[in-house]
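# Structural features, examined
Residue-level listing of the chains:
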Amino acid sequence: MSEDLIKAEPRTEFGKGAARRIRRDAKVPAVIYGHGNDPIHVTLPGHDTMLAIKHGGANAVLNIEIEGKVQLALTKQVQADPIKGFLEHIDFVAVRKGEKVTVDVPIHVTGEAASDALVVTEQNVISLEAEATHIPEHIEVSVEGAEVGTQILASDLTLPSGSTLLTDPETLIVNVSHAPTAEEVES
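Now for a description of the structure that goes with this document. (Residues numbered from 1 in each chain as written. Predicted model: local features only at pLDDT ≥ 70, side-chain atom pairs only at ≥ 80, totals over all residues. Heavy atoms only, no water.)

## Things to note about helix α1 (residues 16-24)
So the rule is basically this: Each residue is assigned to one of three classes by its accessible area relative to the maximum for its type, calculated with a 1.4 Å probe on protein chains only: buried under 20%, partly exposed between the two thresholds, exposed over 50%. Put simply, DSSP marks the helices as runs of H or I at least four residues long and the strands as runs of E at least two long, and each gets a number from the N terminus on. By construction, the arc corresponds to the directions joining the helix axis to the C-beta atoms. Two residues form a contact once any of their heavy atoms are found within 4.5 Å.
Residues of α1 that are buried include every one of A18, A19 and I22, and no others. Seen end-on, α1 carries its buried residues on one side only, within an arc spanning 100 degrees. Exposed residues on α1 whose side chains face more than 90 degrees from its buried face are K16 and R24. Looking at the buried side of α1, the elements it contacts are β2 (27-33) and β3 (40-45).

This is the structure we're talking about:
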């Protein structure tokens, strides 16, 4: 979780023209939803927000200060310019410390399998329920020395304490199969 405090300004102008003016000032339009409240429309400082989201990963939880009150917010959707990379808009979900949230967490495969093995990642993300302030950035799966025929299922993953697997436990995450030889590829 990012401990940075990002100061937001309430947003009163909406629409494409207003969003463009906000971006021209190196800021990012954003919305915070949740807890049965009306959506809170805010403007965030572009550079600070981008650094906090990069540091926090796909499920960054930020402290956003709005008119003197701090709101904990989980990043739900980030829209970025595909060419220039700057942030165009962010959707957040309001969360509270200790609250459980459902998130998709990326899988990172580490290690080297046996020399004749081909490692295939079948699932790049898994769904977890985790405490909002303790969301893992990724789940590591080691294939160190894995032999052909090894299959790692979702139920085999080591999850951080306090996290609950929501993906079907029988879901194939990593499959170690026979690597084709040059002769097999040519035929």
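## Thoughts on the side chain of T171
Selection rule: N or O atoms closer than or at 3.5 Å make up a polar contact, with two conditions inside protein: a donor-capable atom paired with an acceptor-capable one, and, for residues adjacent in sequence, both atoms drawn from side chains.
Counting through the fold element by element, T171 comes out in the loop between β12 (164-165) and β13 (172-178). Residue classification places T171 among the buried positions, given a relative accessible area of 18%. Within the structure, the side chain of T171 is placed 2.8 Å from the backbone oxygen of D168, a separation counted as a polar contact. When residues no more than four places from it in sequence are discounted, the contact partners of T171 are Q123, I152, L153 and A154.

## Some words on the pairing of strand β9 (residues 125-131)
Keep this limit in mind: Strands were regarded as paired on the criterion that DSSP finds at least two bridges between them.
Where strand β7 (residues 100-110) meets β9, seven bridges bridge the pair, whose relative direction is antiparallel. Note that in β9 the partner of V101 across the bridge is A130. The pairing of β9 with β12 spans two bridges and is classified as antiparallel. Bridging across to β12, L128 finds its partner in L165.

## Focus: the pairing of β3
Where strand β1 (residues 5-10) lies against β3, two bridges are found, and the strand directions are antiparallel. Looking at the pairing, E9 lines up with T43 of β3. Note that β2 and β3 share six bridges and pair antiparallel. Across the sheet, residue I32 finds its bridge partner in β3, namely I40. Between the antiparallel neighbours β2 and β3 lie six residues, among them G34 with a positive phi of about 125 degrees.

## Brief notes about the sheet that holds strand β10 (residues 139-142)
The strands making up a sheet associate through backbone hydrogen bonding, with each pair oriented either parallel or antiparallel. Taken in spatial order, the four strands of this open sheet run β10-β7-β9-β12, and their pairing is mixed. Of all strands in the sheet, those with a lone pairing partner are β10 and β12, marking the two edges.

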